[in-house]
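Listed here are the chains, written in short residue letters.
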Amino acid sequence: MKIMHVDASAKRERSNSRALARYFLERLHEQRVEFEVDYLDVTVDTPPHVTEAFAIATYTAAHERTAAMQATLALSDALCARLLAADALVFAMPMYNWSMPSAFKAFIDSVTRTGVTYLNAEDGSIVGQLGRHKVLFITSRGADLRAGSPYESMDALTPALKAAFGFLGVAAPTFVDAQPLQFANPEARAAALERARGELAAVAARWAEGAPAANHEAEALCPADAE
Ligand SMILES: Cc1cc2nc3c(=O)[nH]c(=O)nc-3n(C[C@H](O)[C@H](O)[C@H](O)COP(=O)(O)O)c2cc1C
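Residues numbered from 1 in each chain as written. Predicted model: local features only at pLDDT ≥ 70, side-chain atom pairs only at ≥ 80, totals over all residues. Heavy atoms only, no water.

## Topic: the overall build of the chain
No. 1: Assigned secondary structure in the chain consists of six helices and seven strands.
No. 2: Starting at the N terminus and walking to the C terminus, you meet the elements of the chain as β-α-β-α-α-β-α-β-β-β-α-β-α.
No. 3: In summary, the chain has a C-alpha radius of gyration of 18 Å against a globular reference of 17 Å for 227 residues, a match within 12%.
No. 4: Counting only C-alpha atoms and orienting by the principal axes, one finds that the chain spans roughly 60 × 45 × 35 Å.
No. 5: Put simply, the chain has 227 residues, and 47% of those count as buried.
No. 6: Surface exposure of the chain reaches about 11200 Å², of which carbon and sulfur atoms provide 54%.
No. 7: Taken together, the 21 basic and 28 acidic charged side chains of the chain have centroids lying 3 Å from each other. (Helix = DSSP H or I, 4+ residues; strand = E, 2+ residues; numbered from the N terminus. Rg over C-alpha atoms; globule rule 2.2 N^0.38 Å. Buried < 20%, exposed > 50% of the residue type's maximum accessible area, 1.4 Å probe, protein only. Areas by Shrake-Rupley, 256 points an atom, 1.4 Å probe, with all protein chains shown as cover. Lys, Arg positive; Asp, Glu negative; His and termini not counted. Charge placed at Lys NZ, Arg CZ, Asp CG, Glu CD.)

## Quick notes on the site of the ligand
No. 1: Close to the ligand lie 20 residues, the nearest being Ser9, Ser15, Ser17, Ser140 and Gln182.
No. 2: At a separation of 2.7 Å, an oxygen atom of the ligand approaches a polar backbone atom of Met95.
No. 3: The protein chains hide 83% of the 640 Å² of surface that the ligand would expose on its own.
No. 4: When the residues that make up the shell around the ligand are grouped by side-chain class, the tally is eight nonpolar, eight polar and four charged. (Near = heavy atom within 4 Å. Polar contact = N/O pair within 3.5 Å; in protein donor to acceptor, adjacent residues only side chain to side chain. Nonpolar A, V, L, I, M, F, W, Y, C, P; charged D, E, K, R; others polar.)

## Focus on the nonpolar core
Buried together is how nonpolar side chains tend to be arranged in soluble globular proteins.
No. 1: Counting 32 residues, the largest nonpolar core has Met4, Phe91, Met93, Phe104, Phe107, Leu161 and Phe165 as its most contacted members.
No. 2: Of all the secondary structure elements, the ones that give two or more residues to this core are β1 (2-7), α3 (67-85), β3 (88-94), α4 (102-111), β6 (134-140) and α5 (157-167).
No. 3: By residue number, the principal contributor to this core is α4, which donates five residues.
No. 4: Setting aside residues no more than four positions away along its own chain, Phe91 makes contact with Val6, Leu83, Phe104, Phe107, Val135, Leu136, Phe137, Ile138 and Phe165.
No. 5: By size, the runner-up hydrophobic cluster in this structure holds 27 residues, among which are Ala21, Phe24, Ile138 and Ala192. (Core = buried A, V, L, I, M, F, W, Y, C linked by side-chain atoms within 4.5 Å. Contact = heavy atoms within 4.5 Å.)

## Describing the environment of Arg146
No. 1: Here Arg146 is to be found in the loop between β6 and α5.
No. 2: Once the C-alpha coordinates of Arg146 and Leu89 are considered, the two residues, 57 residues apart in sequence, prove to be 24 Å apart.
No. 3: At 2.8 Å, the side chain of Arg146 forms a polar contact with the side chain of Asp144.

## Quick notes on the sheet that holds β6
No. 1: Sheet architecture is open: five strands sit in the order β2-β1-β3-β6-β7, paired in parallel fashion. Sheet topology places β2 (36-41) and β7 (174-178) at the edges, where each strand pairs with a single neighbour. With direction set aside, neighbouring strand axes in the sheet form an average angle of 15°.
No. 2: Relative to β2, β1 runs parallel, the two being bridged by six bridges. Bridge pairing links Val6 to Leu40 in β2. (Pairing = 2+ DSSP bridges. Axes fitted to C-alpha atoms, helices over the stretch in contact; angles between N-to-C directions.)

## A short note on the pattern of salt bridges
No. 1: One pass over the structure, following the stated rule, counts 12 salt bridges.
No. 2: Each of Asp7, Arg18 and Asp41 takes part in a single network of salt bridges with overlapping partners. (Salt bridge = Lys/Arg side-chain N within 4 Å of Asp/Glu carboxyl O.)

The structure is reproduced here in structure tokens:
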């Protein structure tokens, strides 16, 4: 299976979301799932913000686009092709100011494309093109936004991701949210990471069911966590 793995934390070695994504891929490897990874770090290769030229080109019918419009859309076309070529998507990101990192929002703005990642059916309905993809969101949060916490209502990240990818056909994405981290005491932080790792191991086991098995021995892919 081909996995598109996207990281979005501004941190590198100290990033928990990056470490948890590596941990997940290591668990998949241990489960002897055969997979290749198409890796994108949106903090390094950040998709451009929406420009006026993009906004016009993207809603111009493909057969009516000028060469300049095609050039404007070329990066987005390439990103959409990568997304559509994958069988599974692993998106790892921190919560920033209750929502997603702006680099990941730029990614969403690049891959939400009429006639490419979603189609307009004749009956007026939208047909998202990511319906066959397995999708895992790994999010890391400084505070605790779980049900019952005072911050529960501040979670603008989960609904935004569900809406954006639901529109592209992802009906039931999996979320593993590591929380509370930065703004918690060491014990609570350690417990949150342990909970997240347990959930990720369970997701890897689920993904292994029915996936093609690798015939090589599992190797360590994952260094220690951070923060
Ligand atoms: C600019 C910035 C904004 C943040 N905003 C929030 C927030 O709104 N809510 C929250 O719970 N944590 C917030 N945090 C904390 C991060 O979500 C937390 O440290 C997370 O573990 C970072 O993930 P990472 O280790 O992968 O970078 C923020 C951190 C930064 C740097």
